[in-house]
Every structure is written in structure tokens, then in C-alpha cells.
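A closer look at the structure
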Amino acid sequence: MNWHDIFATRMGRMKASEIRELLKLLDQPDIISFAGGIPDPALFPVQAFQDAMTDALAPANSDAALQYSVSEGYTPLRDWIVDEMASLGIPCTRDNVLITSGSQQALDYLGKLMLSPRDTALVTWPTYMGALGAFNAYEPTYDRLIPGGNRSASDYAETAQSAGGRVKFAYASVDFANPTGETLDRTARESILDLADTLDIAVIEDSAYQALRYDGDPIPPMLALEIARKGSIDTCRTLYCGSFSKTLAPGLRVGWVCGAQEVISQLVLMKQAADLHSATLNQMAVNHVARAVFHDHTATLRRTYAARRDTMLAALATHMPDGVRWTHPEGGMFVWLTLPKSMDGGTLLRHALETQKLAFVPGQAFYADRSNANTLRLSFSLANDEQISEGMQRLGAAIRDLA
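Attention here is on the structure that accompanies the text. (Residues numbered from 1 in each chain as written. Predicted model: local features only at pLDDT ≥ 70, side-chain atom pairs only at ≥ 80, totals over all residues. Heavy atoms only, no water.)

Digging into the sheet that holds strand β8 (residues 255-258)
To keep it simple, the criterion reads: Two strands form a pair only when DSSP identifies at least two bridges running between them. Strands are runs of DSSP state E lasting at least 2 residues, helices are runs of H or I lasting at least 4, and numbering of each runs from the N terminus. Under this scheme, a helix contributes an axis fitted over its contacting stretch, all axes are lines through C-alpha atoms, and angles between N-to-C directions fall in the 0 to 180 degree range.
On the basis of which strands lie adjacent, the open sheet formed by seven strands has the order β2-β8-β7-β6-β5-β3-β4 and mixed pairing. Unpaired on one side and paired on the other, β2 (97-100) and β4 (141-144) mark the two borders of the sheet. Pairwise comparison of adjacent strand axes, ignoring direction, gives a mean angle of 25 degrees for this sheet. Inspection of the sheet shows strand β3 (residues 120-123) paired to β4 by four bridges, in the parallel sense.

Written as C-alpha cells, this is what we have:
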């Protein structure tokens, strides 16, 4: 039979992740890879998780750990998140928190909740590839979100109407964004809230890297800024997506959404229909480790990753030819390169793999319209200083070859 004749139309919007394909290169020992935006496993709090699993599987706890649980998530973990949100200026209750299987599932649920075919999602240019992948299944139109730009709300609304729908939300990764490493300042965050109020749309705040600040002063999350305006999380339109993947362990797939109870209750229904609940054992382990070591552990991550970022920035300054520009992130895991206009990141990747045994992510995949091919993303979280210095030398050589 021809399966494509019975697939839903949404499947035409779903493509293989270019990053997931590139991660296969990590198994090749001769490749220096800056492709995967993944934590260094040498830094995982392994002993803390061993203790946590032992505790969760002890006779007093094993029945709960191995049994079905509530869709909202493990109550002690939600309570820990409530305290963490309060420290960020986001007072809430456990009823404002849903545990998800990583923040990627949160993005999928939010797209499913709000997008009908031909509705418009406002996203930054570039934006997180995983968000585009999650939203694509619901067949939206994309428009460019320019925080602090001079484009009017009416222009956004008219453009969305001409596409056959309406604007539903603005999505932004506000701290050390994937892929650029850039941070939205307070004025830009306020401008997104103003636009959302005028358009009467939701705001999805992706804060996967919020705990990984190395320089500069923290900026309040958009949800905190909106609560300061409106007084209560339940009157806010911002939905905060958090994750333990970049801080504790990505393999356990534990994230969360924090927002108005009216929205959380609808997401709970989606959770019940999709997978009933995230793995209870994993949630219990993350709760144990978060309470035991989260703040000390993230301090270690910040010291380690900050040093690797500094090594990469210094190596770029030494080895990049004229005409190449890059960001200077205050945190996170990424540096974003802009090549001369005539160069293509995909072509450069193929050449770098063949001649330099070097991998990175071409930037075109991060644009909803597949534009700006002369860009690429580098991740510094997994490489040591020697690999970073050698890798940037190889990258410079590959760029010169094609130039």
C-alpha cells in the first residue's frame, strides 16, 4: 500500500532534525564536534542520582515510584519548582505547574493547544529548531518576531489574517538563546509583553538555559515582569517553560510549564491523552537531586562552561578570517557565527567534515523560511580546551578554503 496516501497533511511539515542526524557523528572518535547542544556527561551528578534511585526504590517508596501517578506531576517536585519560581520573582502554587517529559513536550503541547492550520506563530529569526519542529505539526504560518522593533501590532494581525488565520502566540528563548547565545534585555522583554497585550495573544517563554548565566546581571523572566504588572500569575498570558535537561540530566526527560491555572488545566488533559504522566521514578529522582545539590551543581556548571566559552571566543579571535562575525554570549552553550554573504553553512559543513574532521550545525535550519544560509552554530559545552582551540583552527582553515 502507499502509506503516504493515508498520512495526515501535517506530516508534510515534519522533517528529520538536522541536529539529531549530526549527533550520530559523536560516535566517530576522529571528529571534533561542536554540533550537539548537550551537557558534558562528565559533569552529571551521578552519585546524587544513584542515591536518589536507591531512595526511590526503597521499600517505603517503591510502590509509588513504580506505579501510575497523577498527570500534573510528582507533588514534591512541583513544590520545589514553586520555590524556584518564587526566587525568580514568579509567585505561584503547585496548581500553576505541570511536569512534562522535557520542555520539548511542553512546546508540542502548547502548539497543539493554540495552533489551528494557517494560524500564525511569531518566532525570532533565527529560533530554536526544536520549537519549529514542535509547532510544524500543527500547520502554522510563521512571522518574524523582532523584540523592540518598530513593526505595528496591526501589521502583524493583518499579515496573519491574509494567511487565513490569526496570531496565536509569540515564542522566544530569552536567556542565552539556542542558537545565537544572545539574551533579550528588559526593554525587549517588555516590548513583547506590550505586543502580546495589544494582539491579545499568548507568550511562550523558553527558559531552558536560565540557570547558566556566566556574566552580567540577571534579568527578570517575562512572566515575572508580567506578574509585576498584573498582580497574579492567573491573570498573565506568559507561559514559562523550564527544564532539568541542561542542569541535571537530559536523559530523564523532566521539564515543566508554569502559567495560569486555566491553561495548565487544559495541558493536563493533553497529558492524560498522550502519555498519562511523566515517569514517576524519574520525577522522584530529580526531586531528590534538585533538593540535594541543584544550586551547588549549577554553580559548578557555570564555572566550567564559562571557561570553555572564554576559550572558544579567544580561539575565534585568533583563527577566524576577515569577514566572519560571532556573538559573545553571557551564558548558555552556544556561539553563533555569521559568514560572508557568499558562503553557505551547509557547503562549509560538508567541506569541514571531509577535510578537517570537524562538525557544527549550519544555521539555515534555525530559520522558519530557511534563509540566512551564511550562518552556523557552535556549541562549547561538550569540548575541552584543547579540542576547542584545535577545532577553531580547523574551522578557520575550512572557511579560508571556500573563501
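As for the nonpolar core
What tends to happen in soluble globular proteins is that the nonpolar side chains get buried as a cluster. Here is the rule we go by: Take the buried residues of types Ala, Val, Leu, Ile, Met, Phe, Trp, Tyr and Cys, join any two whose side-chain atoms come within 4.5 Å, and each joined set is a nonpolar core. Whether a residue is buried, partly exposed or exposed follows from its accessible area with a 1.4 Å probe, protein chains only, as a fraction of its type maximum: under 20%, in between, or over 50%, in that order. Throughout, a contact is declared for two residues whenever any of their heavy atoms are within 4.5 Å.
Core analysis: the largest hydrophobic core is formed by 37 residues, its most contacted members being Leu 378 and Leu 395. Mapped by element, the contributors of at least two residues to this core are α11 (280-319), β10 (334-338), α12 (345-356), β13 (375-379) and α13 (385-402). Among the elements that take part in this core, α11 stands out by supplying seven residues, more than any other. Apart from residues no more than four positions distant in its own chain, Leu 395 is found in contact with Met 320, Leu 337, Leu 348, Leu 358, Phe 360 and Leu 378. If you look at the next biggest cluster of nonpolar residues, it comprises 35 residues, including Leu 98, Met 114, Trp 125 and Ala 365.

Describing the packing of helix α8 (residues 186-199) against helix α9 (residues 222-230)
The relative placement of two packed helices comes down to the angle between their axes together with the axis-to-axis distance. Applied cut-off: Oblique is the label for any angle not under 35 degrees, not over 145, and not in the 65 to 115 range, which are roughly parallel, roughly antiparallel and roughly perpendicular in turn. Crossings are sorted by hand: turned counterclockwise from the far helix by less than a right angle, the near helix makes the crossing left-handed, and turned clockwise it makes it right-handed. Charged residues are taken to be Asp, Glu, Lys and Arg, nonpolar residues to be Ala, Val, Leu, Ile, Met, Phe, Trp, Tyr, Cys and Pro, and polar residues to be all remaining types, Gly included.
Two numbers describe how α8 lies on α9: the axes approach to 10 Å, and their chain directions differ by 60 degrees. Relative to α9, the element α8 is oriented oblique. Crossing hand, α8 versus α9: right-handed. Between α8, through Arg 186, Arg 189, Glu 190, Ile 192, Leu 193, Asp 194 and Asp 197, and α9, the contact on the second element is made entirely by Met 222, Leu 225, Glu 226, Arg 229 and Lys 230. Within the contact of α8 with α9, the residues separate by chemical class into four nonpolar, no polar and eight charged.

The analysis is restricted to geometry; functional conclusions fall outside its scope.
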